Amino acid sequence: MMAIDPKQNTERENYKLLIGSIIPRPIAFVTTQSEAGIVNGAPFSYFNIVSSNPPMVSLSIQRPKGELKDTARNIYGNGEFVVHIVDNENVAKINETAASLPPSESEVESANLTLIPSTAISVPGINESKVRMECRLVQAIPLGEGESGSDLFIGEVVRFHVEEAIYENGRIDPRGLDAVSRLAGANYAAIGEIFSMERPK
């Protein structure tokens, strides 16, 4: 087995090691709103659960060339964002939102996604999602230095929205949700075989 010192690697080499080995990764499609009222939408796979009490999620956003992405700038600006789970039905449109657009243009509009008002925050979500979470920023942590840093955001979920057809007895049906996950490069993965295993007592 190889031993690799990340300090001897470039940022890109470490990036490839991480995204190639930490798979599959859940994908958050995140909507935010600028001071000018433009709704930004972008997918992120540096995303996961932080806590269930209170319910919190984390989102890490890279800083290309040391500059904040629109999503990060907007979260810093108003402390609100909506996380949507990406699934097989919306992944093609969500992929379109990964294009680099100026802050004055909305990726949501360019991908023909449908905005829907939130109930607990001012930032709208999109209708083409079976699960969405309205979030308020709890903590933002700048990470790294120079042109290869990132910003880690922890948000508290203040409202869940779940499609009724996939929700029963307090549980979400994984096959009904049909979430997709990120691998490396241009590769994604769908929910495949599901197996059960009892945890030891």
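Before any of the text, the structure's been laid out above.
Source: prediction; values computed, not measured.

Draft legend 1. Here's a closer look at the side chain of D70. With respect to the helices, strands and loops of the structure, D70 is situated in helix α2 (residues 70-78). Separated by 2.8 Å, the side chains of D70 and R73 make a polar contact. Sequence-distant contacts of D70, that is, excluding residues within four places in its chain, are made with T32, N40, L101, P102, P103 and E107.

Draft legend 2. Just the pairing of strand β2 (residues 28-33), in detail. Counting buried positions over the six residues of β2 gives five, a clear majority of the element. As paired elements, β2 and strand β3 (residues 39-44) share six bridges and run antiparallel to each other. Paired with F29 across the bridge in β3 is P43. Here β2 folds back onto β3, and the loop between the two strands holds five residues, one of which, G37, carries a positive phi near 90°.

Draft legend 3. Examining the nonpolar core more closely. Core analysis: the largest hydrophobic core is formed by 21 residues, its most contacted members being V83 and M133. When near neighbours in sequence (up to four residues on either side) are disregarded, V83 contacts A28, F29, V30, F47, V57, V131, R132, M133 and C135. Judged by nonpolar contacts, the second largest core, of eleven residues, contains I27, A111, L113 and I126.

Draft legend 4. Expanded view of unusual backbone geometry. Cis geometry is found at the peptide bond from I23 to P24, where omega equals -10°. Assignment of secondary structure puts P24 in the loop between α1 (11-21) and β1 (25-26). Put simply, N53 and P54 share a cis peptide bond, and its omega is 0°. Mapping P54 onto the fold places it in the loop between β4 (47-52) and β5 (55-62). Its identity as a non-glycine residue notwithstanding, N112 has a phi of 55°, on the positive side. Inspection of the secondary structure puts N112 in the loop between α4 (107-110) and β7 (115-116). Unlike most non-glycine residues, N169 shows phi in positive territory, near 55°. Tracing the backbone shows N169 in the loop between β11 (167-168) and β12 (171-172). Residue class for N169 comes out exposed when judged on its relative accessible area of 71%.

So, how was this worked out
- Residues numbered from 1 in each chain as written.
- Predicted model: local features only at pLDDT ≥ 70, side-chain atom pairs only at ≥ 80, totals over all residues.
- Heavy atoms only, no water.
- Helix = DSSP H or I, 4+ residues; strand = E, 2+ residues; numbered from the N terminus.
- Polar contact = N/O pair within 3.5 Å; in protein donor to acceptor, adjacent residues only side chain to side chain.
- Contact = heavy atoms within 4.5 Å.
- Buried < 20%, exposed > 50% of the residue type's maximum accessible area, 1.4 Å probe, protein only.
- Pairing = 2+ DSSP bridges.
- Core = buried A, V, L, I, M, F, W, Y, C linked by side-chain atoms within 4.5 Å.

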